[in-house]
Amino acid sequence: VRARDLKLHVGRRIRLFAWPITAKPVLTSNEEPMEFVSFEDETAIFEAVLFPEAFKRFRHLLFEEGPVWVEGIVEEDRGAVTMTIESIGKGEQAQECGHSISPTRSGCP
């Protein structure tokens, strides 16, 4: 799936290859850390959220050098399409499908 097509997948679990470009850590009402993250692939920028459990498991992968695989549920709220992240994998795994690590040149289908 490509970022420009997220709106076509609302309510579904998807996987895509993207670069994390910015993040905003926040605390839940129970004082647990979570994070809002903007990602980019070669087609668009999209917003995602790591709730506390995913934040604890995958935060360390976000800002290592290179892109990552992002998997989660696409959601829509008041016209805004976002992704709730369930897992993140290292970008080197993109070589398995023959893609460049630059989102401006290539990405995963």
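Computed from a prediction, not measured in an experiment: that's the story for all the values here.

**Q** How should I be thinking about unusual backbone geometry in this particular structure?
**A** Trans is the prevailing form of peptide bonds, just as negative phi is the prevailing case for residues other than glycine. Here Glu31, not a glycine, exhibits a phi torsion of approximately 65°, which is positive. With respect to the secondary-structure elements, Glu31 resides in the loop between β1 (13-27) and β2 (33-40). The class of Glu31 is exposed, set by a relative accessible area of 57%. With a phi close to 55°, Arg78 is a non-glycine residue in the positive phi region. Here Arg78 lies in the loop between β4 (68-77) and β5 (80-90).

**Q** Can you help me understand the nonpolar core in this one?
**A** Most often, soluble globular proteins keep nonpolar side chains buried together rather than apart. In this structure, Leu16, Phe39, Phe46, Leu50, Met83, Ile85 and Ile88 are the most contacted members of the largest nonpolar core, which totals 21 residues. When contributions to this core are tallied by element, the ones reaching two or more residues are β1, β2, β3 (45-50), α1 (52-62), β4 and β5. Sorting elements by how many residues they give to this core places α1 first, with 5 residues. Setting aside its immediate chain neighbours within four residues, Leu50 contacts Met34, Glu35, Val37, Phe55, Phe58, Leu62, Ile85 and Ile88.

**Q** How should the environment of Val10 be read in this particular structure?
**A** Mapping Val10 onto the fold places it in the segment before β1. Taking the relative accessible area as the measure of exposure, Val10 reaches 36% and is therefore partly exposed. For the pair formed by Val10 and Val74, sequence separation is 64 residues and the distance between their alpha carbons is 4.8 Å. In this view, Val10 contacts Val74, Glu75 and Glu76; residues no more than four positions away in its chain are not counted.

Criteria and thresholds
Throughout this description, residue numbers start from 1 for each chain and increase along the sequence as written. Totals for whole chains, interfaces and linings use all residues, but because this is a predicted model, local features are given only for residues with pLDDT of at least 70 and pairs of side-chain atoms are given and counted only at 80 or more. To obtain the side-chain values, all non-hydrogen atoms of the structure were used and water was disregarded. Starting at the N terminus, helices and strands are each numbered in turn, a helix being any DSSP run of H or I of at least four residues and a strand any DSSP run of E of at least two. Per-residue accessibility, obtained with a 1.4 Å probe over protein chains only, is compared with the maximum for each type, and a residue is labelled buried under 20%, exposed over 50%, and partly exposed between these values. For this analysis, a nonpolar core means a set of buried residues of the types Ala, Val, Leu, Ile, Met, Phe, Trp, Tyr and Cys, connected via side-chain atoms within 4.5 Å. Any two residues whose heavy atoms approach within 4.5 Å at even a single point are treated as in contact.

Limitation: the analysis is restricted to geometry and does not speak to function.
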